[in-house]
Amino acid sequence: MHAQVGINGDGMARARAAALDVAEAVAGLRRAFEAGRTRSYAWRVAQLDALARLVTEHEGEILAALHADVGKPAIEAFSAEIAFITGEVKHTKKHLRSWMKPERVSTPLVTQPGSSAIQREPLGVVLIIGPWNYPLQLLLGGLVGAIAAGNCVVMKPSEVAPETSKLVAKLVPEYLDTDCVAVIEGGVPETTALLAERFDHILYTGNGTVGRIVMRAAAEHLTPVTLELGGKSPCIVDRSADLEIAVKRIAWAKFFNAGQTCIAPDYLLVHEDVHDRVLELFAATVRGFYGDDPKTSPDYARIVNARHHQRLMKLLPGSGAVAVGGEADEAERYLAPTILKDVPPESPIMEGEIFGPILPVLKVRTIDEAVRFVNARPKPLALYVYASDTAVQDEVLSRTSSGGAVVNHCTLHFAVPGLPFGGVGESGMGAYHGKHSFETFSHRKAVLKKPTSLDPPILYPPYTESKEGWIRRLL
Ligand code: NAD
C-alpha cells in the first residue's frame, strides 16, 4: 500500500482528505502487523537488504534530489546520507540474530525453579517524521531500526525537501513490502492527520516547537516518543589545543551542508590566549577549503530556501563583526562561510540555534568560564572540546550535560553505530542508531518460565508460622 497525499485546495480540505487516506493507510498496516508478517528474522533481513539496494541502485537520482533540495555537494550527500544508511543496514544485519535472542537474567531463589529472560518484541505500527536537512538519512536511518525490530512503519518525509520526498515516495513501494511500509507525503495537514492516529511509537526529528506538538498528540494515545531535536551545540577551544587541526575540523563540521546540521558546532568559546590565532587560522582554512570565492566552489551547499536565508541574514546585525565571509545572494540561496568576532553573548546570533554557515566566536578567560556559559543555557544536542590537556577534557565532560560529546573533533560520534544518538533536556529524548534503534523500536518483555513439576506450598494461604518463617528466610 502506498498512500501518497498531496492535495490541492485549502488547508481544511487537505486535512479532511489527508485524514481519510491516513486512517486507511494506518489501518492497513495494523492488519498486516497483526497477521504476524513482520516478526520473522527472514522478513526483517529481506527488508533490510531491499533498503540497501534501494539507496545503492538509485544513487544518481538520490544525489540529484538532494542537490536540488539543499544544493548538497555529491560527496557530502553520499557520505552523510547514502553511506550512512548502507552502514546501518550492514551493522544491523551483522548483529540482528543476537539482538533478537532472549536475554537470560538470573532467577532468584524465591522464584526458583524457573528461568527468566528479556524477550524483545516488535511494538506494532510506528511513525517516523523526518526533517529537511538530511532528508533521506533521517527518514530511512530510523527505518532500519524499525524494520529490524519487526514493526510496520509509516514514514512522513519533510515537505521542505520536496524532491527527496517525492523520490522516497516513489522508490519505497518499489523495494519494500508495501503492506508493511508506507510513505505519506505532505506538510502540516497531513502530519496533523497522522498524529491523530494511534501509533505504537513515534520517532520525530526536527525543531522543539513541533516536537511539543508531536508529544502532545502522542499523549492522547499514550504513545511513547523519541524526539530528536536541536539546539546550540557549543565548541570549546582550550589554549592547549592543536589549533591548526582544531580549526580545520571545526570549519569542516560547521560548513558541511552549509551549517544545516543538527550537531554542527553552533558557537565557539575560545581561550583568550589563542583567540586571535584561531581567527587567523579560520580565514586561511576557509580559503583553503572553498577558494577565494566559495560561491563558485562545487563543495559548498546552499541554504534550503529563501525563508531560511532571510532568517539567517536577520541574525547578523548586532552580532559582532564579520571576521570571515559575510557575502550573500538570496536569489541563489548562497551565504558564504562566515565567522563572527567580538560577539556579545546577548546578541541575536546567540539566541536560538543558528542552523546555517555562521560561526560566532566568543572569548573566554578560563575553562571554568566556558563551562559556566554552557551550563547557563539549555542542554545541547552535542558538545565539543578541543584540548590536548586531558584534565581540561575531563573537566568539560564531567561538568556539562549534552546529548553527545566529542573530544578534538566535531560531529563524528554520529558515525559510531555503538553510540546512542539523541538529545537530553531541550535537545530531545530517547536515542537511536545501531542496537539503540533496535531497542527503541522493541518492547523488552519480561518473561519468567516456571515448571509445574514442583509447586512448593509456601506461597499459598493459609499463612502459617512455618510458611512465614520460610518466606522471611528466602526474601
Ligand atoms: P522541518 O521543517 O522539515 O520539520 C520537521 C517535520 O515536522 C516535517 O516532516 C514537517 O512536515 C513536520 N511539521 C512541521 N510543522 C508541523 C506541525 N505544525 N505539526 C506537525 N508536523 C509538523 O524541519 P525543521 O524542524 O526545520 O528541522 C530543523 C530542526 O531539526 C533543527 O532544530 C535541527 O537541529 C533539528 N534536527 C535534529 C536532528 C537530530 O537528529 N536530533 C537532526 C536534524 C535536524
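Treat the numbers as computed from the prediction; the structure is a model and nothing was measured.

Colleague: Please clarify how the sheet that holds strand 10 (residues 321–324) should be interpreted in this entry.
Modeller: Backbone-to-backbone hydrogen bonds pair the strands of a sheet. The strands run either parallel or antiparallel. Spatially, 10-13-14-9-8-15-16 is the arrangement adopted by the 7 strands of the open sheet, whose pairing is mixed. The strands lining the two open edges of the sheet, one partner per strand, are strand 10 and strand 16 (404–407). Taken pair by pair, the neighbouring strands of this sheet meet at an average axis angle of 25°, ignoring direction. With 4 bridges joining them, strand 15 (residues 382–386) and strand 16 adopt parallel strand pairing. Within strand 16, the position partnered with Leu-383 by the bridge is Ala-405. Running over the sheet, helix 10 (residues 275–290) touches strand 8 (234–237), strand 9 (267–271), strand 10, strand 13 (338–341) and strand 14 (358–364) and is turned about 135° from strand 9.

Colleague: Mind showing me how you'd approach the nonpolar core here?
Modeller: Inside soluble globular proteins, nonpolar side chains tend to come together where they are buried. Ranked by internal contacts, the top residues of the largest apolar core, which has 140 residues, are Leu-143, Met-155 and Ile-250. Taken together, domain 1 (10–229 + 427–446) and domain 2 (234–422) each give at least three residues to this core, which thus spans both. Leaving out residues up to four positions away in the same chain, Met-155 has contacts with Ile-128, Leu-139, Leu-140, Leu-143, Val-172, Val-181, Ala-182, Val-183 and Ile-184.

Colleague: I keep staring at empty space enclosed by the protein and nothing clicks. Help me out?
Modeller: Where empty space is left can be seen by rolling a probe of water-molecule size over the atoms. Summed over all chains, the structure comprises 1 cavity of 30 Å³ or more. Lining of the largest cavity is provided by Gly-231, Lys-254, Gly-259, Thr-261, Cys-262, Ala-264, Pro-265, Asp-266, Glu-353, Phe-355 and Gly-356. Tallied by class, the residues present in the lining of the largest cavity amount to 4 nonpolar, 4 polar and 3 charged.

Colleague: Looking at this structure, how should I read the sheet that holds strand 5 (residues 181–183)?
Modeller: Taken together, the 6 strands give an open sheet; going across it, the order is 5-4-3-6-7-17, and neighbouring strands pair in mixed fashion. Looking at strand neighbours, the two that pair on one side only are strand 5 and strand 17 (428–429), the edges of this open sheet. When strand 3 (residues 125–129) meets strand 6 (residues 201–205), the two strands line up parallel, connected through 4 bridges. Bridge pairing in strand 6 places Leu-127 opposite Ile-202. The strands touched by helix 8 (residues 208–220) are strand 3, strand 6, strand 7 (225–228) and strand 17; relative to strand 7, the strand with the most contacts, the crossing angle is about 180°.

Colleague: Looking at this model, I keep getting lost on the pattern of salt bridges. Mind explaining?
Modeller: Proximity of charged atoms lets side chains of opposite charge pair with each other. Under the counting rule described, the total for this entry stands at 24 salt bridges. Note that Asp-200 is salt-bridged to Arg-198, the shortest N-O span being 3.3 Å. By relative accessible area, which is 40% here, Arg-198 ends up partly exposed. Across the pair Lys-435 and Glu-439 runs a salt bridge whose closest N-O atoms are separated by 3.9 Å. You can see Lys-435 and its partner Glu-439 sitting in helix 14 (residues 434–440), 4 residues apart, about one turn around the helix. Judged by its relative accessible area of 34%, Lys-435 falls in the partly exposed class. For Glu-439, a relative accessible area of 22% translates into the label partly exposed. One salt-bridge network, held together by shared partners, links Glu-103, Arg-120, Lys-435 and Glu-439.

Colleague: Sorry if this is basic, but what is going on with helix 10 here?
Modeller: The α-helix winds at 3.6 residues per turn, so residues separated by three or four positions along the chain end up facing the same way. Its 16 residues place the ends of helix 10 23 Å apart at the C-alpha level, agreeing with the 22 Å of an ideal helix rising 1.5 Å per residue. Within helix 10 the residues assigned to the buried category are His-275, Val-278, Leu-279, Leu-281, Phe-282, Thr-285, Val-286 and Tyr-290. Along the axis of helix 10, the buried positions cluster into a sector of 165°, meaning they face one direction only. Structural note: helix 10 exposes Asp-276 and Gly-288 on the side pointing more than 90 degrees away from its buried face. In this fold, the buried residues of helix 10 make contact with strand 8, helix 9 (243–255), strand 9, strand 10, strand 13 and strand 14. With its phi angle positive at about 80°, Gly-291 sits one or two positions after the end of helix 10.

Colleague: In this structure, what is going on with the side chain of Ser-442? I would like to understand it.
Modeller: Mapped onto the elements of the fold, Ser-442 is located in strand 18 (residues 442–449). A relative accessible area of 8% means that Ser-442 is categorised as buried. Only 2.7 Å separates the side chain of Ser-442 from the backbone oxygen of Phe-438, close enough to count as a polar contact. Once residues lying within four places of it in the same chain are set aside, the contact partners of Ser-442 are Arg-120, Glu-121, Leu-123 and Ala-149.

Colleague: Which parts of the structure should I look at to understand the state of the cysteines?
Modeller: The bond known as a disulfide is covalent and runs between the sulfur atoms of two cysteines. Overall, the coordinates contain 0 disulfides when judged by the stated rule. Of the cysteine sulfurs around Cys-410, a residue in no disulfide, the closest is that of Cys-235, at 4.3 Å.

Colleague: I keep staring at the environment of Ala-17 and nothing clicks. Help me out?
Modeller: Mapping Ala-17 onto the fold places it in helix 1 (residues 11–34). Residue class for Ala-17 comes out partly exposed when judged on its relative accessible area of 24%. Along the sequence, Ala-17 and Thr-178 sit 161 residues apart, while their C-alpha atoms lie 21 Å from each other.

Colleague: Would you mind going over the confidence of the model for the chain with me for this structure?
Modeller: Caution is warranted with low-pLDDT regions, since their predicted coordinates should not be read in detail. The pLDDT averaged across the chain works out to 95; a share of 98% of its residues lies at or above 70. Under a pLDDT of 50 for its full length, residues 1–8 has, in the predicted model, 28 contacts with residues more than four places off or in other chains.

Colleague: Explain the packing of helix 3 (residues 59–70) against helix 4 (residues 74–100) to me, please; I cannot follow it from the model alone.
Modeller: Two measures define how a pair of helices packs: the angle their axes make with one another and the distance between the axes. Axis separation between helix 3 and helix 4 bottoms out at 10 Å; the angle between their running directions is 110°. By the angle between their axes, helix 3 is roughly perpendicular relative to helix 4. Pair helix 3 / helix 4 crosses with right-handed handedness. Touching Glu-59, Ile-62, Leu-63 and Leu-66 of helix 3 are Ala-74, Ala-77, Phe-78, Glu-81 and Ile-82, all from helix 4. In terms of residue class, the contact of helix 3 with helix 4 is built from 7 nonpolar, no polar and 2 charged.

Colleague: Explain the side chain of Glu-185 to me, please; I cannot follow it from the model alone.
Modeller: Note that Glu-185 resides in the loop between strand 5 and helix 7 (188–196). A polar contact of 2.7 Å, which involves the side chain of Glu-185, links it to the side chain of Ser-165. Within polar-contact distance, the side chain of Glu-185 engages the backbone nitrogen of Lys-166 at 3.3 Å.

Conventions used here
Residues numbered from 1 in each chain as written. Predicted model: local features only at pLDDT ≥ 70, side-chain atom pairs only at ≥ 80, totals over all residues. Heavy atoms only, no water. Pairing = 2+ DSSP bridges. Helix = DSSP H or I, 4+ residues; strand = E, 2+ residues; numbered from the N terminus. Axes fitted to C-alpha atoms, helices over the stretch in contact; angles between N-to-C directions. Contact = heavy atoms within 4.5 Å. Core = buried A, V, L, I, M, F, W, Y, C linked by side-chain atoms within 4.5 Å. Buried < 20%, exposed > 50% of the residue type's maximum accessible area, 1.4 Å probe, protein only. Domains from an automatic or database assignment. 1 Å grid on protein atoms, 1.4 Å probe; cavity = no way out; pocket = protein on both sides within 12 Å on 5 of 7 lines; lining within 4 Å. Points joined across faces, edges and corners; volume = space filled by probe spheres on them. Nonpolar A, V, L, I, M, F, W, Y, C, P; charged D, E, K, R; others polar. Salt bridge = Lys/Arg side-chain N within 4 Å of Asp/Glu carboxyl O. Expected span 1.5 Å × (residues − 1). Arc of directions from axis to C-beta. Polar contact = N/O pair within 3.5 Å; in protein donor to acceptor, adjacent residues only side chain to side chain. Disulfide = S-S within 2.5 Å. pLDDT = per-residue confidence, 0-100. Parallel < 35°, antiparallel > 145°, perpendicular 65-115°, else oblique. Left-handed = near helix turned anticlockwise from the far one by under 90°.

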